[in-house]
Amino acid sequence: MKRKLIAAIGVAGMMFSVAACGSDDSNSAKDPKDRKDTVTVWLMVDAQSTWPELVKDVNAQFKEKYPNVKVNVQYQQWADKAKKLDTALGGDKFPDVVELGNTETMQYILNGAVAEVDPKKYDNSDTWIQGLKDTCTFEGKQYCVPYYAGARVAIYNTDMLKKGAGLDTLPETEDEMLAAMDKVAAEQGKKDKRFSSLYLPGRYWYAAMSYVAAYGGKIAEYDEGAKEWKGSLSSPEAQKGIQHFIDLVKKYNKADLTKDEQDHANVMANEKAALIYGNGWESGSVIDGENNGNPKLEGKILTAGMPGPNGKALPSFIGGSDLAITSKSKVQDLAEDWVSMFTSEKSMEVLASKNILPNNEKQLEPLKAKPETAAIANAVPDAWFTPIAPGWTSIEKEEVLKNMLLSILKGDSVADAAKAADAKINELINEES
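Residues numbered from 1 in each chain as written. Predicted model: local features only at pLDDT ≥ 70, side-chain atom pairs only at ≥ 80, totals over all residues. Heavy atoms only, no water.

Visitor: Before we move on, could you go through the side chain of S232 and cite the residues and values that matter?
Guide: By secondary structure assignment, the location of S232 is in the loop between strand 9 (228–231) and helix 10 (236–252). S232 sits in the buried class, given a relative accessible area of 9%. When sequence neighbours within four positions are dropped, the list of residues in contact with S232 reads K218, I219, A220, E221, A238 and D422. (Helix = DSSP H or I, 4+ residues; strand = E, 2+ residues; numbered from the N terminus. Buried < 20%, exposed > 50% of the residue type's maximum accessible area, 1.4 Å probe, protein only. Contact = heavy atoms within 4.5 Å.)

Structure below.
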């Protein structure tokens, strides 16, 4: 697999060699108290709104060690971060440390925009959550540091479940869950024909691929003989998973089948759904009155592990963020030290106290028994991720999966749609390898 020019992500003429973190010898040899530099850190707004005290505390630790070094933390929005980063990396005002969503990391690794890191310099790196570690790894080398994890879970309305099915908590098996959803549908459907007891949008590819994973299928696999990635949605296992998802959508979704999951929390907030499959934090979105949520549902929205086929839990897509050090940084050793402090065991304790999943299995373990985090924490270890293939994160590939699902809902066979998707995936991967 070749490394592509950064033009592939919108920044022309930039290609960096990727080396282990560290500044030039003249800087790293200085006494920490003699350093007079600036470290620019890009964090997403989640840190500003939910754990600002952690940022403040780490900056204080850093200041104590480097009293004359300034840390410039700049908070970014997810909507435009990638575009801003691409522009910054193509110029002379760029961050030294940048937070990347775990689906973003590979494009920056492949383009040499982020520097190699030494895991031994970071707390609990021997128990980093594998799904996050994988998003930072390419050809056996590590290029970023896991920050925090996330996973998708069942989010349900307890009042509707109690009234319709007489249950206080969501059943643990899919058969029992669907039987309960049938009863809820019968009860709520008397009042609203557009009510979906289980709301799965038709183009929700993250959910569809979870069912693919449940049957042992994959989106794509690496062919060792041909030394290339190949789409594998046509496999019997993948087709079973796709069919299972489609069957659920057709039976339970009484709304627009052509939508994706972007507004499913609002659908639940409007009491048009009893159960959705979403990110753990979306349970808060359902009741957040400032963001189209419904405060009247507070205390009535709970999470649980999503039951899947064959009596097992549904494998979840692993979400989360990583921290990378840019290759262009002239203070990589300082950036490395800041990241080390920000992802230390002490720092991860702060995240865990806020029910945010830490970056390692050691500190994740207690959260598996905590009621507020049990569902999402237990979903992380067996979670799946998109192929670690060059350029996989491009929007085109997500659209391939969405369009495959839509074509099936419009009448194409699963076999034909999966075959067409594989061909398109192969074409896109080969363009970027």
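Visitor: Break down the pattern of salt bridges for me, with residues and values.
Guide: All told, the structure shown has 21 salt bridges when counted by the stated rule. Its salt-bridge partner being E104, residue K81 comes within 3.0 Å of it at the nearest N-O pair. Remark: E104 occurs in the loop between strand 3 (97–101) and helix 5 (105–110) and K81 occurs in helix 4 (residues 78–89); sequence separation between them is 23 residues. Comparing K81 with E104 shows no difference in burial state: the two are buried. In this structure, E336 engages K121 in a salt bridge whose closest nitrogen and oxygen atoms are separated by 3.4 Å. Here E336 is found in helix 13 (residues 332–342), whereas its partner K121 is found in the loop between helix 5 and helix 6 (130–135), with 215 residues between them in sequence. Exposure remark for E336: the relative accessible area of 12% places this residue in the buried category. The exposure class assigned to K121 is partly exposed, which follows from its relative accessible area of 43%. In this structure, a network of salt bridges that share partners links the residues R35, D37 and D333. (Salt bridge = Lys/Arg side-chain N within 4 Å of Asp/Glu carboxyl O.)

Visitor: Before we move on, can you summarise the packing of aromatic side chains with the specific residues and values?
Guide: Under the defined criterion, the tally for this structure stands at 14 aromatic pairs. Taken together, a centroid distance of 6.4 Å and an interplanar angle of 45° make the contact between Y204 and Y277 tilted. Residue Y204 is found in the loop between strand 7 (196–199) and helix 9 (205–214), and its partner Y277 is found in strand 10 (residues 273–279); the two are separated by 73 residues along the sequence. Across this residue pair, the class does not change: Y204 and Y277 are buried. On the numbers, 4.1 Å between centres and 25° between planes, the contact of W205 with Y206 is stacked. Given a relative accessible area of 13%, Y206 falls into the buried group. (Phe/Tyr/Trp six-rings, centres within 6.5 Å; stacked < 30°, edge-to-face > 60°.)

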